[in-house]
Amino acid sequence: MSTTIKINQAAHHVGQDVALTGWVQKRADKGKLQFITLRDGSGAMQCVVFKKNLPEEQFDAARHITLESAVRISGGLRAEPRAPGGYELDATAFEVISRAADPYPLAPKRDGGEHGTDFLLNHRHLWLRDPRQIAILRIRATLIKAIRDWLDGHGFTLVDTPIITPAAAEGTTNLFATKYFDEPAYLAQTGQLYSEATIGAFGRVYCFGPTFRAEKSDTRRHAMEFWMVEPEMAFTELDENMEVIEQFVSYCIQTVLAQRADDLAVLGRDLTHLQNVVPPFPRIHYDDAVKLLHANGYPDFPWGEDFGAPHEDAISAQFDKPVFVHHYPRAVKAFYMQPDPERPETVLACDLIAPEGYGEIVGGSQRMHDYQVLLDAIDAHKLPREAYEWYLDLRQYGSQPHSGFGMGLERVLMWLGGLPHIREALPFPRLYRRYYP
RNA sequence: UCCUGCGUAGCUCAAUCGGCAGAGCGACCGGCUGUUAACCGGUUGGUUCCUAGUUCGAGUCUAGGCGCAGGAGCCA
């Protein structure tokens with residue numbers, strides 16, 4: 001039997017007899033000639049099945065094979081300019097491993113018509129085989145590796161934080177509740193508070209995993225389960241936090257651009273905006289962001305309110321790179337953020353807003369490091385002191401100014417790939433009113 | 001949760017004023033040795049989302065419900 005090779009290794013096997021195993025992606029019936037495009041996970045290759053080149057029953061099997069059947073095709077591999085991909089297999093053997101049921105629900109519509117969103121999501125387990133979805137998830141994998149490579153290379157230690165937690169970081173309304181045996185428990189919506197503990201051991205840390213928010217947010221930017229990377233740095237103030245963010249984000253974008261150009265091309269992504277993403281990023285104070293809104297379509301926007309999606313878009317439209325907005329009003333931000341000593345009605349926070357209307361991709365801040373300030377904040381937000389005892393305790397043993405940020409993986413992936421909706425950024429998205437399959 | 005729109009064949013959608021349920025694609029059968037979303041001929045295909053109502057007659061009108069899409073709020 002011929003050696004089985006992966007399709008992306010075709011260049012090393014030209015002129016040899018090889019076998020391919022994979023799924024039938026496309027078929028064109030020309031009578032005594034069949035074109036079968038096989039997908040094997042590494043790529044896709046067109047196989048040419050001539051009636052005269054293989055036993056009659058094998059030719060008939062090939063002629064009537066169904067889309068997405070699992071098959072093994074053997075034959076001579078050669079370079080072929082007429083074939084998509086540049087290589088082609090001249091089949092001399094065709095073996096059906098598993099014939100797919102008929103019809104394949106997601107068969108391409110030749111008239112240019114498209115399947116509806118609901119239908120596609122109900123068939124997500126099969127939709128994942130679509131070339132566009134494959135490209136997106138390969139970019140996702142590369143992005144994850146870039147994130148980890150940069151952090152690992154800049155003194156950050158990966159320290160995992162728990163998913164099952166006893167209390168909320170920011171109140172219990174947005175948490176998925178579960179049981180820890182007989183006690184109430186919640187799925188983590190952030191690992192940040194735990195990372196503030198682990199910096200005491202490692203100095204610079206990050207956690208990176210799924211987070212859960214039971215918000216009834218039904219928008220293109222929200223998933224109930226999403227991945228977030230949260231670096232945290234001891235002895236670090238707001239300005240340095242922003243410097244780290246822009247270096248980190250730029251590296252991630254440029255790495256994907258360099259390594260996944262082929263997949264970005266499948267998505268039809270215009271790369272000019274992304275090539276522009278290099279430090280430094282513009283930084284504007286919240287005061288100036290409000291003035292910017294006044295001059296660009298929102299003359300009545302009041303100082304003190306948080307930005308909605310239209311406001312973020314209006315701000316980002318003024319820049320050709322991601323833009324920082326810093327020093328937000330304290331009232332719209334989380335309880336643990338450090339107030340600005342000069343203007344205590346604002347906090348040392350920074351959000352990074354992506355270009356092209358992709359919204360906030362990073363939220364960061366300097367954290368409260370003074371015991372009494374933090375205790376007052378917990379009381380002011382009517383949070384249960386008992387649940388935050390350990391968090392407060394951190395302020396009694398070597399407390400110091402420290403900062404960190406969270407970056408939403410899927411938000412960045414949407415921006416990178418030019419995706420219209422977050423549902424394509426996760427293999428099995430959990431959306432408001434959907435957790436199947 | 002609010003606003004707007006939609007729900008008809010496996011999929012995407014038509015159906016005039018309330019008057020016989022339609023097309024393309026898919027699938028199946030046949031033809032074709034260079035297809036790239038092939039082409040040609042034939043076949044197959046229906047609880048018109050559910051419930052109640054108006055009417056001689058409802059896919060179409062009314063009420064309620066369910067589901068989906070887009071937007072908003074909230075957030076990453």
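The model shown is predicted, which means the values in this text are computed figures rather than measured ones.

Glancing now at the protein's contact with RNA strand B. Lining the immediate environment of RNA strand B, one finds 54 residues, of which Lys109, Arg110, Gly112, Arg220 and Arg411 sit closest. The share of sugar and phosphate among atoms of RNA strand B within 4 Å of the protein is 52%. The side chain of His222 places a nitrogen or oxygen atom 2.8 Å from a base oxygen of RNA strand B. Contact distances for RNA strand B include 3.2 Å between a phosphate oxygen and a side-chain N or O atom of Asp306. The set of elements that each furnish at least two residues to the surface near RNA strand B consists of strand S2 (17-29), strand S3 (33-39), strand S4 (44-50), helix H2 (117-122), strand S12 (225-234), helix H10 (309-316) and strand S16 (359-367). Counted by class, the surface near RNA strand B contains 17 nonpolar, 11 polar and 26 charged residues.

Next up on the list: the state of the cysteines. Using the criterion set out here, one finds 0 disulfides in the structure. Cys252 provides the cysteine sulfur closest to Cys207, a residue in no disulfide bond, and the two sulfurs are 15 Å apart. We classify Cys207 as buried; its relative accessible area is 4%.

One pass over the structure, following the stated rule, counts 29 salt bridges. Asp288 serves as the salt-bridge partner of Lys291, at 3.8 Å between the closest nitrogen and oxygen. Linking Lys291 with Asp288, this pair stays in helix H9 (residues 286-295), spanning 3 residues, or about one helical turn. The salt bridge partner of Arg385 is Asp379, with a shortest N-O separation of 2.7 Å. Among the residues examined, Asp379 registers a relative accessible area of 33% and is labelled partly exposed.

Right, let's talk about unusual backbone geometry for a bit. Pro280 follows Pro279 through a cis peptide bond whose omega is -5°. Structurally, Pro280 is set in the loop between helix H8 (272-275) and strand S13 (283-285). The omega angle of the peptide bond from Tyr436 to Pro437 is -5°, so this bond is cis rather than trans. At Glu68, a position not held by glycine, the phi torsion is positive, near 70°.

The next thing to look at is the packing of helix H6 (residues 238-259) against helix H13 (residues 409-417). Axis separation between H6 and H13 bottoms out at 11 Å; the angle between their running directions is 45°. Taken together, the axis directions place H6 and H13 in an arrangement best described as oblique. As H6 runs across H13, the sense of the crossing is right-handed. Residues Val249, Ile253 and Val256 of H6 touch H13, and the partners they reach there are Val412, Trp415 and Leu416.

Here we take up the environment of Arg343. Summarising the element assignment, Arg343 is placed in the loop between strand S14 (323-326) and strand S15 (349-354). Classification of Arg343 by relative accessible area gives partly exposed; the value is 27%. Remark: the alpha-carbon pair of Arg343 and Pro329, spanning 14 residues in sequence, is separated by 9.6 Å. When near neighbours in sequence (up to four residues on either side) are disregarded, Arg343 contacts His285, Asp287 and Trp303.

Let's shift gears to the packing of aromatic side chains. Going through the model one piece at a time under the given rule, you end up with 16 aromatic pairs. Between the aromatic rings of Phe208 and Trp227, the centroid separation amounts to 5.7 Å while the plane-to-plane angle is 80°, which identifies the pairing as edge-to-face. Of this pair, Phe208 sits in strand S11 (residues 204-212) while Trp227 sits in strand S12, placing them 19 residues apart in sequence. Ring geometry for Tyr286 against Phe307: centres 5.3 Å apart, planes inclined by 25°, an arrangement best described as stacked. Here the residue Tyr286 occupies a position in helix H9, and Phe307 occupies one in the loop between H9 and H10, the gap between them amounting to 21 residues.

About the cut-offs
Residues numbered from 1 in each chain as written. Chains lettered and ligands numbered in written order. Predicted model: local features only at pLDDT ≥ 70, side-chain atom pairs only at ≥ 80, totals over all residues. Heavy atoms only, no water. Near = heavy atom within 4 Å. Polar contact = N/O pair within 3.5 Å; in protein donor to acceptor, adjacent residues only side chain to side chain. Helix = DSSP H or I, 4+ residues; strand = E, 2+ residues; numbered from the N terminus. Nonpolar A, V, L, I, M, F, W, Y, C, P; charged D, E, K, R; others polar. Disulfide = S-S within 2.5 Å. Buried < 20%, exposed > 50% of the residue type's maximum accessible area, 1.4 Å probe, protein only. Salt bridge = Lys/Arg side-chain N within 4 Å of Asp/Glu carboxyl O. Axes fitted to C-alpha atoms, helices over the stretch in contact; angles between N-to-C directions. Parallel < 35°, antiparallel > 145°, perpendicular 65-115°, else oblique. Left-handed = near helix turned anticlockwise from the far one by under 90°. Contact = heavy atoms within 4.5 Å. Phe/Tyr/Trp six-rings, centres within 6.5 Å; stacked < 30°, edge-to-face > 60°.

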